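Observations on chain architecture
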Amino acid sequence: GETEEYNYHTIIEATHLIQEGAKFIATNPDITGPSQRGPVPACGAIVAPIEKVTGITPYFIGKPNPAMMYWARKKLGVHSASCFMIGDSMETDIVGGLESGMTCCLVLSGVTQREMVKTYPYQPDYIFESIADIDPVAILSRRERVRS
């Protein structure tokens, strides 16, 4: 995952543990994340040196892995048709939601800018400036009208 306590000793220890047989599991492959001052290293960037040294690619348990969404839906007892994926990353949030059969809402308040969206072979169902602009009731009712 992401931490502000990451240092060279941690990289060395992780490298040794993985070389000794530990499973290499990470939360997500995001290279950058948003901050007030601009992009900052995210989990994918943090695990990159360990991957380079060990030659082992981590198993990403979080987005975009559909298993995470499956387990969450199962725990909540809901179907993917009743769920939304809301996120700012096309590579993790939106592709993970699409692969899980969810309605996908991209928010432009993070790492993805509007002009970037058209470069992807997959597209979100909706694009919003921020999460404050999302009206889930309107989206659900529109989806119901489309099905009928």
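Keep in mind that what you see is a predicted model, and the values were worked out from it rather than measured.

Definitions and cut-offs
- Residues numbered from 1 in each chain as written.
- Predicted model: local features only at pLDDT ≥ 70, side-chain atom pairs only at ≥ 80, totals over all residues.
- Heavy atoms only, no water.
- Helix = DSSP H or I, 4+ residues; strand = E, 2+ residues; numbered from the N terminus.
- Buried < 20%, exposed > 50% of the residue type's maximum accessible area, 1.4 Å probe, protein only.
- Contact = heavy atoms within 4.5 Å.
- Areas by Shrake-Rupley, 256 points an atom, 1.4 Å probe, with all protein chains shown as cover.
- Lys, Arg positive; Asp, Glu negative; His and termini not counted.
- Charge placed at Lys NZ, Arg CZ, Asp CG, Glu CD.
- Right-handed = clockwise from strand over helix to strand, strands pointing away.
- Salt bridge = Lys/Arg side-chain N within 4 Å of Asp/Glu carboxyl O.

1. Digging into the overall build of the chain
Of the regular secondary structure elements, the chain holds six helices and seven strands. Counted from the first residue to the last, the chain has its helices and strands arranged as α-β-β-β-α-β-α-β-α-β-α-β-α. If you line up the chain on its principal axes, its C-alpha atoms span 55 × 35 × 25 Å. Per-residue burial for the chain yields a buried fraction of 36% across its 148 residues. When contacts within the chain are restricted to residue pairs at least 6 apart in sequence, long-range pairs at least 24 apart make up 48% of them. Looking at the chain as shown, the accessible area adds up to about 9,300 Å², and 58% of this sits on carbon and sulfur atoms. One way to put it: in the chain the 13 positive side-chain charges average out to a point 9 Å from where the 17 negative ones average out.

2. A word on the environment of lysine 52
Its location among the elements puts lysine 52 in helix α2 (residues 43-54). The spacing of lysine 52 and threonine 15 is 37 residues in sequence and 9.6 Å in space, taken between C-alpha atoms.

3. Quick word on the pairing of strand β5 (residues 84-87)
Residues of β5 alternate between two faces, with Met85 and Gly87 buried on one and Phe84 and Ile86 left unburied on the opposite face. Note that the unit made of β5, helix α4 (residues 90-99) and strand β6 (residues 103-107) has a crossover that is right-handed.

4. Points about the pattern of salt bridges
Applying the stated criterion to the full structure yields two salt bridges. The partner of aspartate 93 in a salt bridge is lysine 63, with the nearest N and O atoms 2.4 Å apart. One end of the pair, aspartate 93, is in helix α4; the other, lysine 63, is in the loop between β4 (59-60) and α3 (66-76), with 30 residues separating them in the sequence. Here glutamate 129 and arginine 114 are joined by a salt bridge, their closest N and O atoms 2.7 Å apart. Linking glutamate 129 in the loop between β7 (126-128) and α6 (136-147) with arginine 114 in helix α5 (residues 114-117), this pair joins segments that are 15 residues apart in sequence. Look at arginine 114 and you get partly exposed, because its relative accessible area is 43%.

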